[in-house]
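Take a look at the letters that make up each chain.
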Amino acid sequence: GDSVTQMEGPVTLSEEAFLTINCTYTATGYPSLFWYVQYPGEGLQLLLKATKADDKGSNKGFEATYRKETTSFHLEKGSVQVSDSAVYFCALSDGQGGKLIFGQGTELSVKP
Amino acid sequence: EAGVVQSPRYKIIEKKQPVAFWCNPISGHNTLYWYLQNLGQGPELLIRYENEEAVDDSQLPKDRFSAERLKGVDSTLKIQPAELGDSAVYLCASSSHSGRQNEQFFGPGTRLTVL
């Protein structure tokens, strides 16, 4: 079945460092891809999405490109802030009623 | 615009007791989802509703779990009886309609601890 694999955390960075969180997926069809973020004590929030190959999703300085050839959707940010500390989830939607299939999450901790 | 509301936020019960979680989706959202999130894992779908109809409940353990969405708005998820392994966060989400491109909006979740 469809699945998502993320790099394991926790990831600890200093403020203004470059961030990459790797995400790869397995899917039989043509899924949409998402990054959700979960701040402490809050619900999951959509960070960005891409619905077809070569699309780039971006929001709040984060970006990710849908790479069909490598089945990847890596999350990047050029300069992280302390306020970016959260758990990041990569997910795909398999088209079956919009069901989301999530990776295991990657915890990011940004130190001042 | 109010977000997805869930209650309670936290619940502690002893094993074999029943428990229920409530969800109020965003107004006008026809599709409602219940997800289970174990510690250190991503959420997994339990059930999806289109209006009042459960259209995907293949992952719902029906021997002890039940759900309903009366009038196609609020929804309740119930566990009876609860087991130690049910300790997790139960998330509710809603979207304007189903489809692979549609954003799902999540509530804060209910953290269940079974002792």
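Use the structure listed above.
As a starting point, this report considers the structure included with it. (Residues numbered from 1 in each chain as written. Chains lettered and ligands numbered in written order. Predicted model: local features only at pLDDT ≥ 70, side-chain atom pairs only at ≥ 80, totals over all residues. Heavy atoms only, no water.)

Points about the environment of alanine 53 of chain A
All names here are of chain A. Short version of the rule: What counts as a helix is a DSSP run of H or I of at least four residues, what counts as a strand is a run of E of at least two, and both are numbered from the N terminus. Burial status follows relative accessibility: with a 1.4 Å probe on protein chains alone, a residue under 20% of its type maximum counts as buried, one over 50% as exposed, and anything between as partly exposed. Contact definition: two residues touch when any of their heavy atoms are within 4.5 Å.
Structurally, alanine 53 is set in the loop between β6 (44-50) and β7 (56-59). With a relative accessible area of 31%, alanine 53 lands in the partly exposed category. Once the C-alpha coordinates of alanine 53 and tyrosine 66 are considered, the two residues, 13 residues apart in sequence, prove to be 5.2 Å apart. The residues touching alanine 53, leaving out its near neighbours within four places in the chain, are Tyr66 and Lys68.

Structural notes on the sheet that holds strand β1 (residues 5-7) of chain B
Residues and elements named next belong to chain B. The following threshold applies: Strand pairing is assigned whenever DSSP identifies at least 2 bridges connecting the two strands. Axis definition: a line fit to C-alpha positions, over the contact stretch in the case of helices; interaxial angles, taken between N-to-C directions, run 0 to 180 degrees.
Pairing is antiparallel across the open sheet formed by four strands, whose spatial order is β1-β3-β8-β7. The open sheet has two free edges, formed respectively by β1 and β7 (65-68), since each of these has just one partner strand. Between one strand and the next, the sheet's axes are offset by a mean angle of 15 degrees, whatever the strand orientation.

Topic: the interface of chain B and chain A
Selection criterion: Using a 1.4 Å probe, buried area is obtained as the accessible area two parts lose upon being combined, added over both of them. A pair is scored as a salt bridge if a Lys or Arg side-chain nitrogen falls within 4 Å of a carboxyl oxygen belonging to Asp or Glu. Under the rule applied, a polar contact is a pair of N or O atoms within 3.5 Å (in protein, one hydrogen donor and one hydrogen acceptor; residues adjacent in sequence only if both atoms are side-chain atoms). Any residue that is not Ala, Val, Leu, Ile, Met, Phe, Trp, Tyr, Cys, Pro, Asp, Glu, Lys or Arg is counted as polar, Gly included; the first ten are nonpolar and the last four charged.
Between chain B and chain A, the contact holds 22 residues from the first and 23 residues from the second. The junction of chain B with chain A conceals about 1,700 Å² of combined surface from both sides, 50% of it contributed by carbon and sulfur atoms. Between the two partners, chain B and chain A, sit zero salt bridges. Where chain B packs against chain A, one counts three residue pairs in polar contact (both at pLDDT 80 or more). Breaking the side of chain B that touches chain A down by element, the ones donating at least two residues are β4 (31-37) and β5 (44-50) of chain B. Looking at the side of chain B that touches chain A, the element that brings in the most residues is β4 of chain B, giving three residues. Grouping the amino acids of the side of chain B that touches chain A by side-chain chemistry returns seven nonpolar, ten polar and five charged.

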